Amino acid sequence: MLRYTIRRLLLLIPTMFFVAVIVFFLAHAAPGSPFDAKAQGDKGLPTATILKLEEHYGLNRPITEQFLLYMESVAKFDFGNSFRSGRQVSEIIGEQFPVSAQLGVQALLFALAFALPLGVVSALRQNTAVDYASLFFATIGTTIPSFVISIFAIYFFGVTFHLLPFVGWATPQHWILPTVILALGPMAFLTRITRASMLEAIRQDYVRTARAKGLGEQVVIVTHVMKNAMIPVATIVGPAVAGLITGSIIIEGIFSVPGMGREFLRSILARDYPMIMGVYLLYAFLICIANLSVDLVYGVLDPRIKVSK
Amino acid sequence: MATVTTTPGKQTTAERSADLNVLVRKQRSLWQDAWYRLLRNRAAVVGMVIVVLFMILAVTVPFMTQLGWLKDPLKQDTPNSLMEPIWTGSKFTLSTYPFGSDQLGRDILSRLLWSTQISMLVGFVPVSIIFLVGVTIGLAAGYYGGWVDQILMRITDVIYAFPDLLFLFIIMATLRNTALGDIQGGLLLIFVAIAVVNWVGMARLVRGQVLSLKEREFIEAARSIGAPARRIMVRHLFPNILAPVIVSVAFGIPSAMLAEATLSFFGIGIKPPTASWGVMINEGFVVFSTSAWPVLLPALCISIVMLAFTFLGDGLRDALDPRMKI
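I will try to describe carefully the structure that is included in this document. Just so it is clear, the structure is predicted and the values come from calculations on it, not from any experiment.

Observations concerning the overall build of chain B
Now for step 1: Check the secondary structure of chain B and you find twelve helices and zero strands.
Now for step 2: When its helices and strands are written in sequence order, chain B yields α-α-α-α-α-α-α-α-α-α-α-α.
Now for step 3: When burial is assessed residue by residue, chain B has 49% of its 326 residues classed as buried.
Now for step 4: When contacts within chain B are restricted to residue pairs at least 6 apart in sequence, those whose partners lie at least 24 apart make up 68%.

Topic: the side chain of serine 197 of chain A
All names here are of chain A.
Now for step 1: With respect to the helices and strands, serine 197 occurs in helix 8 (residues 172–202).
Now for step 2: Residue serine 197 is classed as buried on the basis of its relative accessible area, which comes to 9%.
Now for step 3: There is a polar contact of 2.5 Å between the side chain of serine 197 and the backbone oxygen of alanine 229.
Now for step 4: Setting aside residues no more than four positions away along its own chain, serine 197 makes contact with Ala229, Pro232 and Val233.

Notes on the environment of alanine 229 of chain B
Residue and element names in this part refer to chain B.
Now for step 1: Positionally, alanine 229 belongs in helix 10 (residues 229–265).
Now for step 2: For the pair alanine 229 and tyrosine 143, spaced 86 residues apart in the sequence, the C-alpha separation amounts to 8.5 Å.
Now for step 3: Not counting residues up to four positions away in its chain, the partners in contact with alanine 229 are Tyr143 and Tyr144.

Describing the packing of helix 4 (residues 108–144) of chain B against helix 11 (residues 277–284) of chain B
All names here are of chain B.
Now for step 1: It is the contact of helix 4 with helix 11, at a shortest axis distance of 8 Å, that shows an interaxial angle of 135°. Relative to helix 11, the element helix 4 is oriented oblique. On helix 11, the residues touching Ile108, Arg111, Leu112, Ser115, Thr116 and Ser119 of helix 4 are Trp277, Met280 and Glu283.
Now for step 2: Across the contact of helix 4 with helix 11, the residue classes tally to four nonpolar, three polar and two charged.

As for the interface of chain B and chain A
Now for step 1: Counting from both sides, the interface comprises 40 residues of chain B and, opposite them, 41 residues of chain A.
Now for step 2: A buried area of about 3,700 Å², summed over both sides, lies between chain B and chain A, and 85% of it is on carbon and sulfur atoms.
Now for step 3: The tally of links from chain B across to chain A stands at one salt bridge.
Now for step 4: Seen at the junction of chain B and chain A, the total is one residue pair in polar contact (both at pLDDT 80 or more).
Now for step 5: Those elements giving two or more residues to the side of chain B that touches chain A turn out to be helix 6 (164–175), helix 10 and helix 12 (293–320) of chain B.

Thresholds applied
- Along each chain, the written sequence defines residue order, and numbers are assigned to residues from 1.
- Lettering for chains starts from A, numbering for ligands starts from 1, and both go in the order in which the items are written.
- Where local features are concerned, this predicted model is filtered to residues with pLDDT of at least 70; where side-chain atom pairs are given and counted, the filter is 80 or more; whole-chain, interface and lining totals use all residues.
- For side-chain calculations, the full set of non-hydrogen atoms in the structure is used, while hydrogens and water are omitted.
- Each helix is a run of DSSP H or I of at least 4 residues and each strand a run of E of at least 2, with the numbering of both proceeding from the N terminus.
- For every residue, the accessible area (1.4 Å probe, protein chains only) is compared with the maximum for its type, and the residue is labelled buried under 20%, exposed over 50%, or partly exposed between those bounds.
- Contacts: residue pairs with any heavy atoms within 4.5 Å of one another.
- Whenever two N or O atoms come within 3.5 Å, that pair is a polar contact, provided that in protein one can donate a hydrogen and the other can accept it, and provided that, for residues adjacent in sequence, both atoms are side-chain atoms.
- Axis definition: a line fitted to C-alpha atoms, over the contacting stretch in the case of helices. Angles run 0 to 180 degrees between N-to-C directions.
- For this classification, under 35 degrees means roughly parallel, over 145 means roughly antiparallel, 65 to 115 means roughly perpendicular, and everything else is oblique.
- All amino acids are sorted into three groups, where Ala, Val, Leu, Ile, Met, Phe, Trp, Tyr, Cys and Pro are nonpolar, Asp, Glu, Lys and Arg are charged, and the leftover types, Gly among them, are polar.
- Joining two parts hides part of their accessible area as seen by a 1.4 Å probe, and the buried area is that hidden amount summed over both.
- Each reported salt bridge corresponds to a side-chain nitrogen of Lys or Arg within 4 Å of a carboxyl oxygen of Asp or Glu.

Listed below in C-alpha cells is the structure:
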C-alpha cells in the first residue's frame, strides 16, 4: 500500500510535466504578442514599448528556451509575475485561492447534504412520487447547464424579486446563489449514484440474511445497506472535485466572485501567460490529487478490491 | 423470413400457426426490437420529436429568410432596439418583432432560429469526426494491441489530466485570432477543438468493448475460417460494439452544443455578429437587469434542446442495452 502510494505520487511528476508542456506551447501558439492592441483592449502601446516589455519578460527568445527558463524557475517554486498587474503569480493565487476553495467546499458540502438523503430515500421508496421527483430533479440538474440556471436564478432572485445580491462576494448573502448553483450539478449526479448503488445493495444476499435473523428495518438499512452503498459514492467525489473546479470558473465569471476561476478567465482573454500557467498547473495538481486520494481511500473502504500493483 | 417454414404456396404462416394453435411473432432484428422499445418510452419520443423539430428549423431557416418570412438576423434597426416580445403586451412592442429585438434592434426570433442551425452543426459535425476517428483508432488499438494500444493509452492518461472545458478555453482563446479561427465565424475552429478534446473518450470506449469481444467464440470462428483482420473488424466487431457507441454519440451531441454555448457566452466561441445562443446571452447580459427577454429566450432554447437530447439519449440507452446502468 505504501509502495503503491509512493509510486502514484511519483507518477504525478511526469503527468504534471506533460500538462505544463502542452499548456505552455498551446498558450504561446497564438500569433502576436500579449502586449499588442488586441490583447490590451483598444489603446495600443507604442512599438518600442512593446519590444521593451517583450524583452523584459523574455518573450523575444525562442520558445523552447522560454520553456526551459520557465521550468527552471518553477522548480524553484517561482511562477513568475503577472503581465497585467506585475505582481507575483503565487501572491495573486494566494489571495484568490481561499475564495475559490471556500466556494468549492461550501458547494461540495451542500451537494452531499442534499444528495445523500435524497438518493437514499428515493431508493427506499422506489417508484413512488418521492422517487420520481428526485429523479426528475437529478435529470434537470445534470442536463441544464449551470450558466443557464444562473441566468434564471439571477432573473428570479435578483432582478425580479430583489431577494439576493448576485454580484461579488462581500457578505454571506452573496455566497448563496453561487454556492447553490455550483452545487446543483454534483448534487444531481451524486443523487443518481446514491440511488443506484442503494438499489444494488438492497438486493444483496447479506441483506436478506440480516432481515432473516430478525434485525430491525432501521438497523438493516443503516448498518448493512448504507454502509456498502456508500462505497461507489465515495469514488465519485474525485470526479466531482474536477467538476467543481471547471464549474467554479463559470460561476465565478458570472457572479464576479474574486477567485481563481475569474482570474483564469481574465488571464486567458488577456493572454497573461504566467497567470494561465500558474492557475492551470494548480488546477491539474488538485485534480490529480483528488483522483489519487479516491483510489487510495477506495482500497481502505472496500477490502474486496485489491489495489493493483 | 418467417419463423415457421411454410409448404410453398399452400399455407401462410398465420394460417399454419393457427393450425398449430401457437402464436408466431413476426421475426424482428435486434435493431427493430430496440426501435420498438424506444417508441414505448414516452419521454424519449418527446425528446426525439423536439430534436427533429429543431433539425427541420435548422435546415429550413435560410429558405425562410430568403422568402422574407424571417428578418435578416444581422440587420440592425437601432430606433427599434430592445422591443419587448408581443406576449408582454407592453407599449414597447411592435408586431413586426414577435419575439422582440436586441439592443442593436436585430430581430430576436430570426437570431434564435439561425442559432439553431449553428447549434445543430456544432452538435453533429464534431461528433461525426469523433465517431470516425475514435472508432477507427479504438478498433485498431483493441484488436491489434501492441504499440497502437500503448500510444493510445499514454495519450489518454495525459488528456484525462485536463478538464475538458479548461482545455477548450485555452485552445479557443489562443487560436481564435488565427486564420483558422476566422473561417465561418470561428465555427471550424470550434469543430476541431471539440473533436480534439473528445475523440480519446470514444477510442477508449471502443477499445474496451473490442477487448472484451475479441476472445469470444464468434470472432474465433471467423478467424478460424480465415477471415482477414479488416473483415473481422468491420463485419463482426463493429456491429457488436455499435450499441454503446450510439449511446455515447447521443450524449456527445448535446455536450458539444453546450461547449459551444459556454464558450460563446464567455466571448471566446462563435464570433459576433454571427448569432448563436451563447453569443446572444453574452450580448444581452449587459442589459439583463432592465430587459431580460434577449437573454431568457436563448437560455430557454438551450434548456429545451439539452433536455430533449438527454431524454432521447436515456431512451436509446434503455432501448439498446437494458443492462447498462446510470
